[in-house]
Amino acid sequence: MRDETKPKRQLAKELAHLAAILSIFLSVIALSLGDNMEIIPIFSPLLASPFFPFFHEIHDLLALVVTLYAAYKYQARLGVAAVLVYLAAHIPYVSLQFHKEAPETLRILFGAFVAFFGIWLIDRLHKSEELVRQTETRYHSLFTSLPDGFAYCRMLFSNGQPLDFVYLEVNDKFEELTGLHDVIGKKVTEVIPGIHETNPELLTTYGRVSLTGKPEEFETYLPALNIWLAISVYSPHKDHFVAVFNNITQSKRAEETIRESEEKYRTLVENALVGVYRTNLKGDILYVNGSWVKLLGFESAEEAIAGGAVVRYKNQNDRKVLIEKLTEKGRVDSFEVELLTKTGEIRKVIMDATLEGDNISGMLMDITERQQAEKTLVAQKELTDRILTSTPNAVLVIDRDLKIVLANQAFYQIFKVAGGGVEGKPLGDVLPIIELEEAISRTLVDQQFQSSMEFKYKLGSSEMTLVTHIIPMAEEEILLIFRNVTEERVRQEQQYHINRLASIGELVAGVAHELNNPLASVIGYSELVLSGELSPAMKSDIEVIHSNAQRAVTIVRNLLAFARRQEPQKRLLNVNDLIRHVMEMRGYELKVGNIEVITEISDELPNVLADSQQLEQVFLNIILNAEQAMLEAHNRGCLTIRTRARRGMVNIIFTDDGPGIPEENLWRVFNPFFTTKPPGKGTGLGLSICHGIITQHNGRISAESKLGEGATFLVELPLSEENKS
């Protein structure tokens, strides 16, 4: 910093010194000499000088001009002191001149006093001036070493408006902080061109402080210097101001970085898919983001905060447990809790929380839908597993490498696969069927193509007929569904035979009608011959003819019954009465055959709509078959007959303890002309006729048996409409 006033002040000090010394010197001379001009010879030339008469005037003029100029122009305290010395010496001198009678000794003593007083005063002023100099040096050192920039300026106005300002004094920090040099005596518009446009508030603020004297503080950015300044400005006197400032660019940039960071953080938090919150231990909500607000059904964060956190817990004990864990560990992760929405709906959430002092902050994620989806997936998987477990069809899932991914329980049962699971094994190792692998490969090539194939698979001594549906799935997997159609194919074969038999029946019916007349003639003539006188040998032959003719008539009658499907004559009847009637007809034969009959007849059996004669034929046929089977097996037996009402049907169950029916024949017993009896003892039409009668009554007939454990025949007849209602 340059101090251009220093030479002027030094000159003022020297002039003041000179004035003071001169004033004291002249005063001492004047007081000491008085009227005795020869007391001091050294002053004789002065007394003889032509100027001595004007001594007082010269003394007064010189001392007064020098001291007043120094005091007024440069505000030098030594000049003021010189004036005081001059007055102190001059006034008593004049006073003594007006009193000639004053002793000379008094004037000499007074002059000496003035001399000593002047010397003492000058010494004190010298010391004071040194102190001032030292103080100025210290303040100047402090001024130059200030950590803040300092600028002392004079404001320039135009029509009362701040126009510019001039730098009068700046410190070294000014140049360091701003990068500006040699600014003393220059206008700011010269130092920073364009400041009017970029920072008009700077001139306005400085002008206001210069006029009002009221200090102000503010921050501003100077684009020309690319710096931020924090400025304190005050006015020492009108039209002048002092600006003390600091460069806050780094802190501003740091603040901006922090602000941008905070803004990004706030944006991330506000837009986060999870709820973010901050509460305290008392339960006050301090902050929640938009996802939290939306999750719990509020309209705004303010509305959510107003309600507090405690009421949001469905179970208050959950919050106690959470706070206990936070107090113990400081942090809790994945804490499952049920919260209540604004409307009271329960939402299941996972909560992360951290305890900081008395504040709890963290995040929560709604898992209500996820848990529901998981439950749905589990339910669907369980349902799929149940379907796969309960389905009678074998199911396999194959990957593109023809390895088994999944097999259901029916697969193991149908194919009787031993050795544990088949998952992960090649299909060819489990089912070595080349045609099947070729069909799967074709399906893999075209994922839209579905196919099916039928093949026979030999399992031990038996052979199965299987139909396989090949269905493409996602991820290039193949679903195989195996359906065992062995029995279906047998039934189809049976139906084929039945259709053939129907045709045969129609043919037989026509033949039977044609045979009736010849047979009637044979029977009639044989009876006529037998009524006459015959030899024993002849009579025996005729009886054989008559017997065989009768047997032929019976066969023709059964053929007609099989071929002719007559409409039943239905009426309401009680099945128990029919059972009793049939037992009365066969009671004697059963008793003679040593067959015990056990009846378990329901007394509350509803009526059925049926043809009584046809039902009697069915019951009688079943009883006759059971009777013959038991007698052939062990010449005795036990027949149990039960009736009951179940699921809208009347059940009649016939159970014998005969030899039973082999499994391979069980499904054939209702086929026409199928019989296990020896030739000549059965036509194989009885159970077939029973099946036809029950079917015409909209009922069902079935047989169950195990070889050596007897047989059971079940007849099911529907209830009448009035009984159903």
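Residues numbered from 1 in each chain as written. Predicted model: local features only at pLDDT ≥ 70, side-chain atom pairs only at ≥ 80, totals over all residues. Heavy atoms only, no water.

**Q** Describe the nonpolar core, with residues and values.
**A** One finds Val575, Phe619, Ile652 and Phe654 to be the most contacted residues of the largest nonpolar core, which totals 38 residues. Taken together, the elements giving at least two residues each to this core come down to α20 (575–592), β18 (608–610), α21 (612–634), β19 (637–646), β20 (649–656), α23 (686–696), β21 (700–705) and β22 (711–718). For this core, the element with the highest residue contribution is α21, accounting for seven residues. Not counting residues up to four positions away in its chain, the partners in contact with valine 575 are Leu605, Val608, Phe619, Val650, Ile652 and Leu717. Listed in part, the 29 residues of the second largest apolar core include Tyr412, Val422, Leu459 and Met464. (Core = buried A, V, L, I, M, F, W, Y, C linked by side-chain atoms within 4.5 Å. Buried < 20%, exposed > 50% of the residue type's maximum accessible area, 1.4 Å probe, protein only. Helix = DSSP H or I, 4+ residues; strand = E, 2+ residues; numbered from the N terminus. Contact = heavy atoms within 4.5 Å.)

**Q** Tell me what's going on with the packing of α20 against α21, and back it up with residues and numbers.
**A** α21 packs onto α20 with a crossing angle of 40° between their chain directions and a minimal axis gap of 10 Å. If you check the angle between α20 and α21, you find them oblique. In the packing of α20 onto α21, the handedness of the crossing is right-handed. On α21, the residues touching Val575, Leu578, Ile579, His581, Val582, Met583, Arg586, Glu589 and Leu590 of α20 are Ser612, Leu615, Glu616, Phe619, Leu620, Ile623, Leu624 and Glu627. The residue makeup of the contact of α20 with α21, split by class, is eleven nonpolar, two polar and four charged. (Axes fitted to C-alpha atoms, helices over the stretch in contact; angles between N-to-C directions. Parallel < 35°, antiparallel > 145°, perpendicular 65-115°, else oblique. Left-handed = near helix turned anticlockwise from the far one by under 90°. Nonpolar A, V, L, I, M, F, W, Y, C, P; charged D, E, K, R; others polar.)

**Q** An account of the confidence of the model for the chain is requested, with residue identities and associated values reported.
**A** Averaged over every residue, the pLDDT of the chain is 77; the share at 70 or more is 71%. Segment residues 34–40: pLDDT under 50, and 13 contacts once partners within four positions in sequence are set aside and those in other chains are kept. (pLDDT = per-residue confidence, 0-100.)

**Q** Run through the sheet that holds strand β9 (residues 346–356), naming residues and quoting values.
**A** Strand order in the open sheet made by the five strands is β7-β6-β10-β9-β8, with antiparallel pairing throughout. Strand pairing shows two members of the sheet lacking a second neighbour, β7 (285–288) and β8 (331–340), which therefore form its edges. The mean inter-strand angle of the sheet, taken between neighbouring strand axes irrespective of direction, is 25°. Relative to β7, strand β6 (residues 275–280) is paired through three bridges, and the arrangement is antiparallel. (Pairing = 2+ DSSP bridges.)

**Q** Can you break down the pattern of salt bridges residue by residue, with the values?
**A** Here the structure, examined in full by the defined rule, presents 19 salt bridges. The partner of aspartate 333 in a salt bridge is arginine 331, and the shortest N-O contact between them spans 3.0 Å. Relative accessible area serves as the criterion here: at 44%, arginine 331 is assigned to the partly exposed category. Where arginine 580 meets aspartate 577, a salt bridge forms, and the shortest distance between an N and an O atom there is 3.1 Å. On the criterion of helical spacing, the pair formed by arginine 580 and aspartate 577 is a turn pair, its members being three residues apart in helix α20. Given the relative accessible area of 46%, aspartate 577 is considered partly exposed. In this structure, a network of salt bridges that share partners links the residues Glu219, Lys252 and Glu255. (Salt bridge = Lys/Arg side-chain N within 4 Å of Asp/Glu carboxyl O.)

**Q** Pulling in residues and values, what's your account of the packing of aromatic side chains?
**A** Summed over all chains, the structure comprises 15 aromatic pairs. Seen in terms of ring centroids, phenylalanine 165 and phenylalanine 241 are 5.2 Å apart; in terms of plane orientation they differ by 80°. Their pairing is edge-to-face. Of this pair, phenylalanine 165 sits in strand β2 (residues 161–170) while phenylalanine 241 sits in strand β5 (residues 240–247), placing them 76 residues apart in sequence. The pair formed by phenylalanine 165 and phenylalanine 241 is uniform in burial state, with each residue classed as buried. Note on phenylalanine 411 and phenylalanine 415: the rings are 4.8 Å apart at their centroids and 40° apart in plane angle, and the pair reads as tilted. With phenylalanine 411 and phenylalanine 415 both in helix α15 (residues 409–415), this residue pair falls four residues apart, about one helical turn. For phenylalanine 411, a relative accessible area of 0% puts it in the buried group. What makes phenylalanine 415 buried here is its relative accessible area of 3%. Here the aromatic residues Phe165, Tyr167, Phe174, Tyr206, Phe218, Phe241 and Phe245 are joined through ring pairs into a cluster of three or more. Directly above the aromatic system of tryptophan 228 lies the positively charged group of lysine 252, at a separation of 4.8 Å from the ring centroid. (Phe/Tyr/Trp six-rings, centres within 6.5 Å; stacked < 30°, edge-to-face > 60°. Lys NZ or Arg CZ within 6 Å of the ring centre and 35° of its normal.)

**Q** Account for the side chain of serine 526, with residues named and values stated.
**A** Turning to its location among the elements, serine 526 is positioned in helix α18 (residues 486–530). Non-local contacts of serine 526, meaning those with residues more than four positions away in its chain, are made with Ile542 and His546.

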